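Per-entry structural report
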Amino acid sequence: AAKAAGGNTYRFFRQEMLERTTRRLTLEIDLRRAIANSELELHYQPKIDLNSGGLTGVEALLRWRHPLHGMQAPGEFIPLAEENSLICDIGIWVIEEACRQSAKWRSRGLDFRIAVNISARQLESGDLYQQLCSLAHLHGTTPAQLELELTESSLMENPEGVTGQLNQLRQAGVRIAVDDFGTGYSSLAYLRRLPIDILKIDRSFVSDAIADEEDAQIIKTILALGQSLKLAVVAEGVESRSQAELLQTLGCDQVQGYLYARPMPAAELEDWLLEHQESLIS
Ligand code: C2E
Ligand code: MG
Ligand code: MG
Ligand code: MG
């Protein structure tokens, strides 16, 4: 019986692997087509200064308008794309689109940074620094209008492997943010040495901070860390007034979340700016 069960388990795993491979290959073909057919788009979510209420920049978040399956969030395809070089093609598309949009906004006097999410794989392979600089130049903006967000866990997988490129990018004026901070077990030693500017507190801590003293404590610790390393700290996933008030009490200056605005297509963001950020437009 044990042997039979073992055989079944084996068949089960083989089946799983087969399905996963099939899914990945289908997705890969689908995504390559998506890039070619302009099915990808960027939505933009404002980042806000808690004290002044002013805009400090926007984060670009990838969306895939699938002809059959509708709008896909990145959580559904980025992890699979990260298993191969597809993530680099997507990443370049994202940077180019952000450069295009940045130039458009700048030409109309809308002068704020666009943060894009990139995977560490993009930094390790290829030449992101060169690519980013030439795309910025090509479209009429500057690297200094861009910020790159890397998750803490992907950054800490190979901190030495990415430091060189991050240094070059930073010297060109690109700002570097550590995303989902608090979830990735950073080594303090690396954190001190890495060329970074911003810590983004993971939204899991923000969402429970009111009810959970431990999460509030983690936020305090991250804020103290930011202060001692001279890094800006942004809290993500702020959904309620009470969360915003707590963050302000704790000394967090920058926030992002549904309380202020959801990620929006570029045109909608412009309407939002007109309504909420008059000083920026005037
Ligand atoms: P992230 O960079 O940490 O982005 C924050 C995510 O939280 C976004 O989800 C955003 O829509 C969502 N969010 C913002 N405010 C709130 C809030 O108040 N409450 C809640 N519940 N959620 C909020 P999204 O757009 O689905 O993106 C998920 C993740 O996918 C991102 O996490 C990022 O790691 C990755 N991603 C997104 N765009 C790209 C991209 O262009 N390239 C790469 N490599 N990864 C991307
Ligand atoms: Mg991000
Ligand atoms: Mg995040
Ligand atoms: Mg995240």
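Residues numbered from 1 in each chain as written. Chains lettered and ligands numbered in written order. Predicted model: local features only at pLDDT ≥ 70, side-chain atom pairs only at ≥ 80, totals over all residues. Heavy atoms only, no water.

With that out of the way, let us pick up helix 10 (residues 213-228). Helix length check: helix 10 (16 residues) gives 23 Å between terminal C-alpha atoms against 22 Å at 1.5 Å per residue, within 8%. Burial in helix 10 covers these residues: Asp215, Ala216, Ile219, Ile222, Leu223, Leu225 and Gly226. Buried positions along helix 10 lie against strand 6 (175-181), helix 8 (188-193), strand 7 (198-201), helix 9 (203-208), strand 8 (232-235) and helix 11 (241-250). Between the side-chain oxygen at the start of helix 10 and the backbone nitrogen of glutamate 214 there is a gap of 2.9 Å, and the oxygen is on aspartate 212. (Helix = DSSP H or I, 4+ residues; strand = E, 2+ residues; numbered from the N terminus. Expected span 1.5 Å × (residues − 1). Buried < 20%, exposed > 50% of the residue type's maximum accessible area, 1.4 Å probe, protein only. Contact = heavy atoms within 4.5 Å. Polar contact = N/O pair within 3.5 Å; in protein donor to acceptor, adjacent residues only side chain to side chain.)

Summarising the metal site, the magnesium ion (ligand 2) is bound by the protein donors Glu59 (OE), Asn117 (OD1), Glu149 (OE) and Asp179 (OD), whose distances to it range over 2.0 to 2.2 Å. In terms of primary sequence, the donors binding the magnesium ion (ligand 2) are separated according to E-x57-N-x31-E-x29-D. A gap of 4.3 Å separates the magnesium ion (ligand 2) and the magnesium ion (ligand 3), which aspartate 179 links by coordinating each metal. Here aspartate 179 lies in strand 6 and asparagine 117 lies in strand 4 (residues 114-117), a separation of 62 residues in the sequence. Assessed through its relative accessible area of 28%, asparagine 117 is described here as partly exposed. (Donors = N, O, S within 2.8 Å, 3.2 Å for Na, K, Ca; no water.)

Where helix 3 (residues 86-107) contacts helix 5 (residues 128-139), the axes come no closer than 9 Å and their chain directions differ by 30°. In terms of orientation, helix 3 lies roughly parallel with respect to helix 5. Along this stretch, helix 3 crosses helix 5, giving a crossing that reads as right-handed. Of helix 5, the residues touching helix 3 (which contributes Ile92, Ile95, Glu96, Cys99, Arg100 and Ala103) are Leu128, Gln131, Leu132, Leu135, Ala136, Leu138 and His139. Here the residues of the contact of helix 3 with helix 5 are counted per class, giving nine nonpolar, two polar and two charged. (Axes fitted to C-alpha atoms, helices over the stretch in contact; angles between N-to-C directions. Parallel < 35°, antiparallel > 145°, perpendicular 65-115°, else oblique. Left-handed = near helix turned anticlockwise from the far one by under 90°. Nonpolar A, V, L, I, M, F, W, Y, C, P; charged D, E, K, R; others polar.)

The next thing to look at is the site of ligand 1. Within the structure, ligand 1 sits among 21 residues, and Asn117, Asp179, Arg203, Glu239 and Tyr258 are positioned closest to it. One of the side-chain nitrogen or oxygen atoms of arginine 63 is found 2.8 Å away from an oxygen atom of ligand 1. Measuring from an oxygen atom of ligand 1, one finds a side-chain N or O atom of asparagine 117 at 2.8 Å. Considered on its own, ligand 1 offers 810 Å² of accessible surface; in the complex 84% of this is hidden by protein. Mapped onto the shell around ligand 1, the elements with two or more residues apiece are strand 2 (55-66) and strand 6. (Near = heavy atom within 4 Å. Areas by Shrake-Rupley, 256 points an atom, 1.4 Å probe, with all protein chains shown as cover.)

A word on the packing of aromatic side chains. Inspection of every chain in the model, using the stated rule, returns three aromatic pairs. Aromatic side chains tryptophan 64 and phenylalanine 77 sit 5.3 Å apart centroid to centroid with 85° between the ring planes, which places their arrangement in the edge-to-face category. Here tryptophan 64 is found in strand 2, whereas its partner phenylalanine 77 is found in the loop between strand 3 (70-72) and helix 2 (78-81), with 13 residues between them in sequence. Residue tryptophan 64 is classed as buried on the basis of its relative accessible area, which comes to 2%. On the numbers, 5.1 Å between centres and 50° between planes, the contact of tryptophan 105 with phenylalanine 112 is tilted. Exposure remark for phenylalanine 112: the relative accessible area of 7% places this residue in the buried category. Ring pairs connect the aromatic residues Tyr44, Trp105 and Phe112, which therefore count as one cluster. Taking the ring centre of tyrosine 258 as reference, the NZ or CZ of arginine 262 above it sits at 3.8 Å. (Phe/Tyr/Trp six-rings, centres within 6.5 Å; stacked < 30°, edge-to-face > 60°. Lys NZ or Arg CZ within 6 Å of the ring centre and 35° of its normal.)

With that settled, consider helix 3. Here helix 3 is 22 residues long and its end C-alpha atoms lie 32 Å apart, about the 32 Å a rise of 1.5 Å per residue gives. Backbone geometry just downstream of helix 3 places glycine 109 in the positive-phi region, at approximately 80°.

This brings us to the pattern of salt bridges. Applying the stated criterion across every chain yields a total of 17 salt bridges. Residue arginine 32 pairs with glutamate 28 through a salt bridge whose shortest N-O separation is 3.2 Å. Placement of the pair is arginine 32 and glutamate 28 together in helix 1 (residues 2-36), with a separation of four residues, close to one helical turn. Judged by its relative accessible area of 35%, arginine 32 falls in the partly exposed class. The closest approach of N and O atoms between glutamate 97 and arginine 100, which form a salt bridge, is 2.5 Å. Of this pair, glutamate 97 and arginine 100 both sit in helix 3, three residues apart, which is roughly one turn of that helix. Given the relative accessible area of 18%, glutamate 97 is considered buried. Assessed through its relative accessible area of 34%, arginine 100 is described here as partly exposed. Each of Lys47, Glu59, Glu147, Glu149, Arg175, Lys200 and Glu236 takes part in salt bridges that share partners, so that together they form one network. (Salt bridge = Lys/Arg side-chain N within 4 Å of Asp/Glu carboxyl O.)

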